[in-house]
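Overview (structure and organization)
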Amino acid sequence: MTEGYLPPTVTIHGPPGTGKTVTTRRVCQEFAARHDDVAVEYVNLKECRSLFSAAREIHLELTGETVGAYEGLDGAFAGIWAALDEYPEWTVLLLDEIDHIKQDANYDPSEFLYRLLRGEGKLKRDIQLSAWLISNELLEVDLRLDSRVESAMSDEAVFFGPYQHSDLERVVGPQLDAAFRDETLPAAVREYGISEAARRWGDARKTLRLFRRAGEAATERELPAVTRECIDANLEATDAEDVKQKLLNLPFNHFMVIASTTLGKDEDTGRFTNPSPRIRLLCECRVMISRKMSTCRTGRFGRSFVTC
């Protein structure tokens, strides 16, 4: 920036729970606090299931106002550029969970990112914008970006790898100390839990969830302290919860294809039958979520229809 340049993009990727968001926000906010000509805005796109909802979320963060559906992407971006025109000379836009925009089956994610990086309104106003894209996936592969977007992006990238044992201990250790007192978490059990979490995931959030579940299990069994058996019993439960969440976050059509091909098997006849109870439960949850997210749109000939 001292040379009058900010990279158009900085890609920050790595597995969940490795500190991407916390570290990025802290570094950028500390830098902006020391430079009056730099502004930092953070937008979480986790709940966005379409390109328009992502643009609307950015617009809301910048202006405090919501874009109407009738204004579409054009209206959302027009408002974004008008808002950024009032910002300091340099703006860093942190877009967390950017990979969620791939769930919009009606639009190409490349179009969204190209507008963000080389939109006409941005170029006309000479807005100096640097988009920091935080994702669990490698964007160029996961979003299948086209050559226009790849040429507009910079090569700046930061990878957050899974925590190793010693790093995980430093991250979660203070929180475990605060949560478990009076020797309710023996040193050997704590060491075993952190070792298993580092080997399986390297994820700080999952590790804390594991110990929370293990503590709850010990309480339910009226044990004086968490045991290794409590840890083992909840390792698989933590994994299962993560898989369930990933399934529920899939685009509806993709989820139903997986559900329809995951059939139960009759052990006596060897024939495939209806989906297993767990898959049926997930289907019911996914349908309920999709109904809540459904929006009414107007078709080409003025007829209304519901789309997820």
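Please refer to the structure placed before this passage.
The following refers to the structure shown.

Rules of the game
Residues numbered from 1 in each chain as written. Predicted model: local features only at pLDDT ≥ 70, side-chain atom pairs only at ≥ 80, totals over all residues. Heavy atoms only, no water. Helix = DSSP H or I, 4+ residues; strand = E, 2+ residues; numbered from the N terminus. Buried < 20%, exposed > 50% of the residue type's maximum accessible area, 1.4 Å probe, protein only. Contact = heavy atoms within 4.5 Å. Core = buried A, V, L, I, M, F, W, Y, C linked by side-chain atoms within 4.5 Å. Polar contact = N/O pair within 3.5 Å; in protein donor to acceptor, adjacent residues only side chain to side chain.

Structurally, Thr91 is set in strand S3 (residues 90-96). We classify Thr91 as buried; its relative accessible area is 2%. Setting aside anything within four residues of it in sequence, one finds Thr91 in contact with Ala39, Leu84, Gln128, Leu129 and Ser130.

This part takes up the nonpolar core. Core analysis: the largest hydrophobic core is formed by 33 residues, its most contacted members being Leu95, Phe112 and Leu116. Elements that contribute at least two residues to this core include exactly helix H2 (51-63), helix H3 (72-84), S3, helix H4 (109-118), strand S4 (128-135) and helix H7 (147-152). Here the element with the most residues in this core is H3; it accounts for seven residues. Contact partners of Phe112, with chain neighbours within four places excluded, come to Leu51, Ala54, Ala55, Ile58, Phe77, Ile98 and Ile101. Grouped together as the second largest cluster of nonpolar side chains are 22 residues, Leu168, Phe180, Leu210 and Leu235 included.

The subject of this paragraph is the environment of His100. Of note, His100 is situated in the loop between S3 and H4. Since its relative accessible area comes to 9%, His100 is described here as buried. His100 sits 46 residues away from Ala54 along the chain, and the two C-alpha atoms are 8.9 Å apart. The residues touching His100, leaving out its near neighbours within four places in the chain, are Leu45, Lys46, Cys48 and Arg49. At a separation of 3.0 Å, a polar atom in the side chain of His100 contacts the main-chain carbonyl oxygen of Lys46.

None of the figures reported here should be taken as evidence of function without further support.
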